[in-house]
Amino acid sequence: MDTGTVNSGEQVDRQSRILEAALELLSRHGISGVNMRAVAREAGVALGLVNYYYEDKSSLIRAALHRIDEHDLMLVEPDPASPPDEQLRKALRRVANPELLTTRYLSLRLHLWALAQAHEDFALINAAAFERYLDGLAALIGNAKPELSRDECRERAADVVVVQNGMWLTALLGVDKASIQRSIARTEQIAFAASQENGHGLGARSH
């Protein structure tokens, strides 16, 4: 057995547990509830281990934000086994997966958005993550609707995100499942609308 591989795997597992603990505390208490000792307790590891991986609270929060960034990118991950239009539909529906509509996850998203207003470094991380998500979604739209320009794909992606964020916020308030399905349908309408050059663009659909 390769002990180096085992140790490496243990390190990844420990870091993952620490980050998950930080995210859990963020979802419950916001940034005020996150400190190195609390994270160690939540993760079930020694305080020294948290300090070993992360220099301070800010570096821990930054790492947690990057973890969410990675998760968001998975939502718009292409599926080469599916045709372009189905890849786009799958991505639009992933944001309504049951595990993303829990109080814990939605509360975490609210706290992450609040972090962007509280700290310049966190704001930059959030802004960069948003751009990557937008790029991924715009690429899926472009593959499904090759007649659209890059700018049109970006505009549609941005409009979709507005609906998705609203869906998450309203889900936190306990809105019925039918409204979630209508929100998903709305994002599909935005993404798959005919090109505005043909006179059937987003403006035409709003009437």
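Throughout what follows, the structure given in this document is the object of discussion.

Conventions adopted
- Residues numbered from 1 in each chain as written.
- Predicted model: local features only at pLDDT ≥ 70, side-chain atom pairs only at ≥ 80, totals over all residues.
- Heavy atoms only, no water.
- Salt bridge = Lys/Arg side-chain N within 4 Å of Asp/Glu carboxyl O.
- Helix = DSSP H or I, 4+ residues; strand = E, 2+ residues; numbered from the N terminus.
- Buried < 20%, exposed > 50% of the residue type's maximum accessible area, 1.4 Å probe, protein only.
- Arc of directions from axis to C-beta.
- Contact = heavy atoms within 4.5 Å.
- Core = buried A, V, L, I, M, F, W, Y, C linked by side-chain atoms within 4.5 Å.
- Axes fitted to C-alpha atoms, helices over the stretch in contact; angles between N-to-C directions.
- Parallel < 35°, antiparallel > 145°, perpendicular 65-115°, else oblique.
- Left-handed = near helix turned anticlockwise from the far one by under 90°.
- Nonpolar A, V, L, I, M, F, W, Y, C, P; charged D, E, K, R; others polar.
- 1 Å grid on protein atoms, 1.4 Å probe; cavity = no way out; pocket = protein on both sides within 12 Å on 5 of 7 lines; lining within 4 Å.
- Points joined across faces, edges and corners; volume = space filled by probe spheres on them.
- Expected span 1.5 Å × (residues − 1).

Some remarks on the pattern of salt bridges
- What the rule picks out here adds up to 15 salt bridges.
- With a shortest N-O distance of 2.7 Å, Glu131 and Arg154 are connected by a salt bridge. On the criterion of sequence distance, the pair formed by Glu131 in helix α7 (residues 120-144) and Arg154 in helix α8 (residues 150-172) is long-range, its members being 23 residues apart.

Considerations on helix α5 (residues 84-94)
- Every buried residue belonging to α5 is among Gln87, Leu88, Ala91, Leu92 and Arg94, and all of these are buried. Buried residues along α5 cover an arc of 160° about the axis, so they all sit on one side.
- Of the surrounding secondary structure, the elements contacted by the buried residues of α5 are α4 (57-75), α7, α8 and α9 (177-192).

Quick notes on the nonpolar core
- Membership of the largest hydrophobic core comes to 30 residues, with the highest contact counts inside it found for Leu88, Tyr133, Leu137, Ile141, Met167 and Trp168.
- Of all elements in the fold, only α5, α6 (103-118), α7, α8 and α9 reach the threshold of two or more residues within this core.
- Ranked by residues supplied to this core, first place goes to α8 with eight residues.
- Beyond its immediate chain neighbours, meaning those up to four positions away, Ile141 contacts Leu88, Leu148, Cys153, Arg156, Ala157 and Ala191.
- If you look at the next biggest cluster of nonpolar residues, it comprises 29 residues, including Leu19, Val34, Phe122 and Ile125.

Brief notes about the packing of α4 against α6
- Relative to each other, α4 and α6 sit at 120°, their axes nearing to 12 Å. Classified by the angle between their axes, α4 and α6 sit oblique to one another. Every pair of crossing elements has a handedness; the one defined by α4 and α6 is left-handed. Contacts between α4 and α6 involve Ile61, Leu65, Ile68, His71 and Asp72 on the former and, on the latter, Tyr105, Leu108, Arg109, Leu112 and Leu115.
- For the contact of α4 with α6, the class distribution of residues is seven nonpolar, one polar and two charged.

Comments concerning the layout of surface pockets
- Each pocket or cavity is described by its volume, and for the largest pocket that value is around 340 Å³.
- If you trace the largest pocket, you find 17 residues lining it, with Asp72, Arg109, Trp113, Asn126 and Phe130 closest to the centre.
- When residues of the lining of the largest pocket are traced back to their parent elements, those giving at least two are α4, α6, α7 and α8.
- Per element, the largest residue contribution to the lining of the largest pocket is five residues, and it comes from α4.
- Approximately 190 Å³ is the volume attributed to the second largest pocket.
- Taken together, 11 residues form the lining of the second largest pocket, with Ala96, Pro98, Leu101, Lys177 and Ile180 sitting closest to its centre.
- When grouped by side-chain class, the residues that make up the lining of the second largest pocket number seven nonpolar, two polar and two charged.

Points about α8
- Here α8 contains 23 residues, and its C-alpha end-to-end distance of 33 Å stays within 8% of the 33 Å for a straight helix at 1.5 Å per residue.
- Burial in α8 covers these residues: Glu152, Cys153, Arg156, Ala157, Val160, Val161, Val163, Gln164, Met167, Trp168 and Ala171.

Considering the environment of Ala96
- Its location among the elements puts Ala96 in the loop between α5 and α6.
- Looking at Ala96, the relative accessible area reads 15%, which means it is buried.
- Contacts of Ala96, omitting those with residues within four sequence positions, involve Leu101, Met167, Ile180 and Ile184.

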